[in-house]
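An overview of the molecular structure
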Amino acid sequence: MSNDNQLLALAEKVVADARGGEQVEAFVSQSRRTTAKVRRGEVESIEQATSAGIGIRVVVDGRQGFAYAGSLDPDAVASALADARDNAIFATPDEANGLAHPDGVTPVDLPGPDDALAAIATDRRVELARAVERAALATDRRITGMRSADWSDVLATSAVATSTGIRVTDSASFWSAMADVLATDGDEVQEAYGVRVGRTLAHLDVEGAGTEAAEKALALLGATQPESRRVTVVLDPHVAGSFLALIGATMVGDTVLKGRSPFADRVGEAIAAPLVTLADDPTDASSPAAGRHDGEGLATRRNTLIGAGVLQGFLHSTWSGRKAGLASTASAVRDYASTPHAGTQGLALATGDLTLEQILEQVGDGIWVQSVSGLHSGTNTVSGDFSVGVTGRAIRSGALAEPIREATIASTLQRMLLDVVAVGSERVWLPGGTGSAALAIEGVSLSGK
Amino acid sequence: MIDKDVLERTLSRALHNGGDFAEVFAEDRVNSSARLEDGRIEELTSGRDRGAGVRVIVGEATGYAHTTDLTEDGLRSAAEVAAAAARGGGGVRDVALERRPVTPAPIAVRPEDVAKADKVELLRRGESAARAGGSSIKQVMVSVANNRRRILVANSDGLLAEDDATRTRFMVQCVAAGDTGMQTGHEIVSATRGWELFDDRSPESIGEEAARRALLKLAARPAPSGSLPVVIAAGIGGVLFHEACGHGLEADLVDKDASVFAGRMGQQVASPLVTLVDDGTPLGEWGHLAIDDEGHPSMRNVLIDGGVLTGYMWDHIRAGKHARGPSGNGRRQTYRHLPMVRMTNTYLLAGEGDPEDLIASTPRGVYVKQLTGGQVNTATGDFVFGMGESYLIEDGRITEPLRESNLIGNGPDVLRTIDAVAGDLEMAGGGGMCGKDGQSVPVGVGQPTLRVPAMTIGGTAS
């Protein structure tokens, strides 16, 4: 696409200004997000958010400086380059600093942005948001309202060029449909949300967002506070995915090297139940987060973090790889306003062989966790301690029973991985791109009455 | 930022399809930050984001588009995209703008005038103080960030207002290691101020506090699991009200019946000890605003008075729909976002009595000194917040430190049952960022020491 080439040309122009002894990297991105929100069948808002910016990194004598501009105007770009140079002066030299070099890995062949999605008309967007709302409201007469029913589509393009020979572009499209639904019974109101994501207009299931939200809100009507005790919990794939994201964040190079990971020094050890295999795989075309290159312009690859319970390794950017004496795993993540750092791009939990019904049967008595709250304030990814608010249902004699609320579950991320007793067979893609499945975990503290 | 006649023509253009209201919001934000980690100045970054968004409202529908091109052509294109939502009506309406006087918060020492070498020195001072905590302190991260945000709001009601706000934030995070594994401690100081912030709060004191917390947690025992009385310390404890009822008093959620406080105006919703305000006016506070992001002056709004619900917080659209004045709570993260109802500085007014007596009269419970943020479901009122620093209360005395965990409660229940409020109102020195529907804005909180007779503590100890 010509837009890719324009962005790459701009990045190359910046890089061409590199002085002797200087490495320069330019990351340029442009995106368009359009959101249609409806309420009671009428348009509530239509927002078109276009964004373009450039981030410039300069490394000279092992010192790194960075600056960005939220605009591609030549003046703004020139001033970002000057600021990046100036910022480098004050940084501490570090021999691991430096830009990526082309490493010969061929990028995976992924379909580009969906032309149909790129050309979608506003009326169609509104119609899709209405379909989300209609599906939710049609579920049950106790669905009395919506906090929101939205359709969003995004078209994003980026380019990276470096004075070390990187020249790449990426573009992608994706859509999401979201419903936040209110269920009412007498004085009681319960709220839940549902979401669907995809990369092309050919694969649409927007109604699923509405019905999922409605069913979750209905399931909570009449919820009460459970007794405090130690239980086996079964995590909904969305909840499991939130925990996987936290666990993934402890397995990235920067965190490990800075002594902030409970899993540092444990490569080769069994840190999880043998049922657990977790990879970061942005090359999987079915993932909503699939991409051809990382934030430093290296071809993405599949990196196994946990293989049958054994810690295989960590994710690295160029800096963290060098620091650890390893190569980058092409795991640099960034936006134009930030420097690249190692991160997860497409976490995927290998699915197990039990359906949800079979998991409930195996568990017998426990708690089905439908949603969590306070995940970030309640989890310490350094110590691994977590304590989060939950809603869901009791599991009695292998089946879902009465709804619960105003309770928390607590354990540590380390114990949680070891205490996995079942992994669901159904793969669910979450909006951030994590491929998740239901997880059953024993020995978790439930706090309630 | 943009000439008045250009704004007037843009607003007229935005209404050419019809439309009840049009607005231009322009923003020029300069960010700068520096980070020290592991003894190294790892990163100095700086950047600038500048652009304008045009909003057009017709009936219940809003159209919004934005641009980084602040010329008349750029603004007109954005106005036309936004106006596409407003179909029907027709005709051009003339808009005459009248500039409103605004006094931006005074800044004594502009962060952009501080030499980078001096910023770096500040980081080193914070680090040395934290390292002085002893050899158990294994990692120290220190960061300082400041931004200057200039905004302009012009709308078809004739309003034209501009502001220029500067915020500064300093944070130290420590990792300590001991027999029980690793623990973390942090301290944040943030204000709508410039470098004069450090006259009142030295980088050393911030570093020492972060180290103290990390070391304390090495010796902490698991928090209890189950229901106990909870005493929440003055200051950052105000997060309790932000979560327990603040969000539920935002008029957009009330209007959608997504709040347990909908339809309760004039009713007793809290203990008579509770008088809660949201107040954007105090200078220097993290949530201070001279004007909100819709151009309305910030105000002191009494939300709950002696336990009686007396007010919600409003943005321009909802205030108009309810034929009442604005409350100064229309905020947005950047020019790329639509405004919505947001809190500013939310705090509970002081009661009477000594915080120590309050602890002494609690036979067994938990004393929470630092909160790490929370989340609420406004429809049910159920909320959680993280206890960053907390202790057991045994026989009316503060005893052992506890490991981190969440507290969970129900907003209306907690408000009704608060049974003691001391006289020691304090604002939190380190306000946080509040997220709502994907937008994040700085908010301040405060409260005096208070007690809730029963809340569920999400620990692991039986």
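Residues numbered from 1 in each chain as written. Chains lettered and ligands numbered in written order. Predicted model: local features only at pLDDT ≥ 70, side-chain atom pairs only at ≥ 80, totals over all residues. Heavy atoms only, no water.

The next point concerns the overall build of chain A. Counting its regular elements, chain A contains 10 helices and 20 strands. Taken against the 2.2 N^0.38 rule, which gives 22 Å for 449 residues, the C-alpha radius of gyration of chain A at 23 Å falls within 12% of a compact globule. Counting only C-alpha atoms and orienting by the principal axes, one finds that chain A spans roughly 70 × 55 × 35 Å. Counting across all 449 residues of chain A, residues that qualify as buried make up 62%. Excluding contacts between residues fewer than 6 apart, the proportion of contacts in chain A whose partners are at least 24 apart in sequence is 70%. When the accessible surface of chain A is split by element, carbon and sulfur atoms take 50% of a total near 16400 Å². Where the 38 positive side-chain charges of chain A centre and where its 56 negative ones centre are 2 Å apart. (Helix = DSSP H or I, 4+ residues; strand = E, 2+ residues; numbered from the N terminus. Rg over C-alpha atoms; globule rule 2.2 N^0.38 Å. Buried < 20%, exposed > 50% of the residue type's maximum accessible area, 1.4 Å probe, protein only. Contact = heavy atoms within 4.5 Å. Areas by Shrake-Rupley, 256 points an atom, 1.4 Å probe, with all protein chains shown as cover. Lys, Arg positive; Asp, Glu negative; His and termini not counted. Charge placed at Lys NZ, Arg CZ, Asp CG, Glu CD.)

Attention shifts here to the packing of helix H3 (residues 116-131) of chain B against helix H5 (residues 203-218) of chain B. Between two packed helices, what matters for the description is the angle formed by their axes and the separation of those axes. Residues and elements named next belong to chain B. In the contact formed by H3 and H5, the axes pass within 7 Å of each other and the chain directions differ by 40°. Here H3 runs over H5; the crossing is right-handed. Counted together, Leu 122, Arg 125, Gly 126, Ala 129 and Ala 130 of H3 and Pro 203, Glu 204, Gly 207, Glu 208 and Ala 211 of H5 form the full contact between these two elements. Partitioning the contact of H3 with H5 into residue classes produces five nonpolar, two polar and three charged. (Axes fitted to C-alpha atoms, helices over the stretch in contact; angles between N-to-C directions. Left-handed = near helix turned anticlockwise from the far one by under 90°. Nonpolar A, V, L, I, M, F, W, Y, C, P; charged D, E, K, R; others polar.)

This part is about the nonpolar core. In this structure, B:Leu240, B:Phe241, B:Leu249, B:Ile304, B:Phe385 and B:Met455 are the most contacted members of the largest nonpolar core, which totals 48 residues. Within the residue set of this core, elements represented by two or more residues are strand S8 (225-232), helix H6 (239-246), helix H7 (251-255), strand S10 (300-305), strand S15 (364-376), strand S16 (382-394), helix H10 (411-417) and strand S23 (450-458) of chain B. Considering every element that reaches this core, the biggest residue donor is H6(B), with five residues. In this structure, A:Val252, A:Val276, A:Leu305 and A:Phe386 belong to the second largest nonpolar core, which totals 47 residues. (Core = buried A, V, L, I, M, F, W, Y, C linked by side-chain atoms within 4.5 Å.)

Now for the packing of aromatic side chains. In this description, a pair of aromatic rings is defined by centroid distance and the angle of the planes. All names here are of chain B. In the structure shown here, the tally under the stated rule is eight aromatic pairs over all chains. Ring centres of Tyr 312 and Trp 314 lie 6.3 Å apart, and the angle between their planes is 65°; on these two criteria the pair is classed as edge-to-face. Given a relative accessible area of 10%, Tyr 312 falls into the buried group. Here Trp 314 falls in the buried class, since its relative accessible area comes to 7%. Each ring, one from Phe 383 and one from Phe 385, has its centre 5.9 Å from the other, and the planes form 20°; the classification is stacked. Residue class for Phe 383 comes out buried when judged on its relative accessible area of 1%. (Phe/Tyr/Trp six-rings, centres within 6.5 Å; stacked < 30°, edge-to-face > 60°.)

Let's shift gears to unusual backbone geometry. Residue and element names in this part refer to chain A. Although it is not a glycine, Ala 308 adopts a positive phi angle of roughly 45°. Residue Ala 308 is classed as partly exposed on the basis of its relative accessible area, which comes to 46%. One non-glycine residue, Ser 397, lies in positive phi territory at about 45°. Here Ser 397 shows up in the loop between strand S15 (385-396) and strand S16 (399-412).

Turning to the domain arrangement of chain A, a few remarks are in order. All names here are of chain A. One can read the domain layout of chain A as domain 1 (2-219) and domain 2 (223-449). Measuring from the centre of the C-alpha atoms in domain 1 to the corresponding centre in domain 2 gives 23 Å. Taken together, both faces of the contact between domain 1 and domain 2 bury some 3200 Å²; the carbon and sulfur share is 57%. On the domain 1 side of the contact with domain 2, Leu 110, Arg 199 and Lys 216 bury the most area, a combined 16% of that side's loss. Linking domain 1 to domain 2 there are five salt bridges. Arg 334 serves as the salt-bridge partner of Glu 25, at 3.0 Å between the closest nitrogen and oxygen. At the junction of domain 1 with domain 2, the criterion picks out 15 residue pairs in polar contact (both at pLDDT 80 or more). Tallied by class, residues from the side of domain 1 that touches domain 2 come to 19 nonpolar, 12 polar and nine charged. (Domains from an automatic or database assignment. Buried area = accessible area lost by both parts, 1.4 Å probe. Salt bridge = Lys/Arg side-chain N within 4 Å of Asp/Glu carboxyl O. Polar contact = N/O pair within 3.5 Å; in protein donor to acceptor, adjacent residues only side chain to side chain.)

All names here are of chain B. Bridge count for strand S9 (residues 276-279) against S10 is four bridges, and the pairing is antiparallel. Counterpart to Asp 279 in the pairing with S10 is Arg 300. Taken together, the two bridges between S10 and strand S11 (residues 308-309) define a ladder with antiparallel strand orientation. Looking at the pairing, Asp 305 lines up with Val 308 of S11. Counted along the chain from S10 to the antiparallel partner S11, the turn is two residues long, and its residue Gly 306 has a positive phi close to 55°. (Pairing = 2+ DSSP bridges.)

What follows covers the side chain of A:Thr92. By the element assignment, A:Thr92 lies in the loop between helix H2 (74-89) and helix H3 (115-118). Within the structure, A:Thr92 has its side chain in polar contact with the backbone nitrogen of B:Ile41 (distance 2.6 Å). Sequence-distant contacts of A:Thr92, defined by excluding residues within four places in its chain, comprise A:Gly62, A:Arg63, A:Asn97, B:Arg40, B:Ile41 and B:Arg124.

Taken residue by residue, the interface counts 65 residues in chain A and 72 residues in chain B. Surface buried jointly by chain A and chain B totals about 5400 Å² across both partners, of which 43% is contributed by carbon and sulfur atoms. Inspection of the chain A/chain B interface yields nine salt bridges. Where A:Asp86 meets B:Lys116, a salt bridge forms, and the shortest distance between an N and an O atom there is 2.6 Å. Across the chain A-chain B interface, the total number found is 41 residue pairs in polar contact (both at pLDDT 80 or more).

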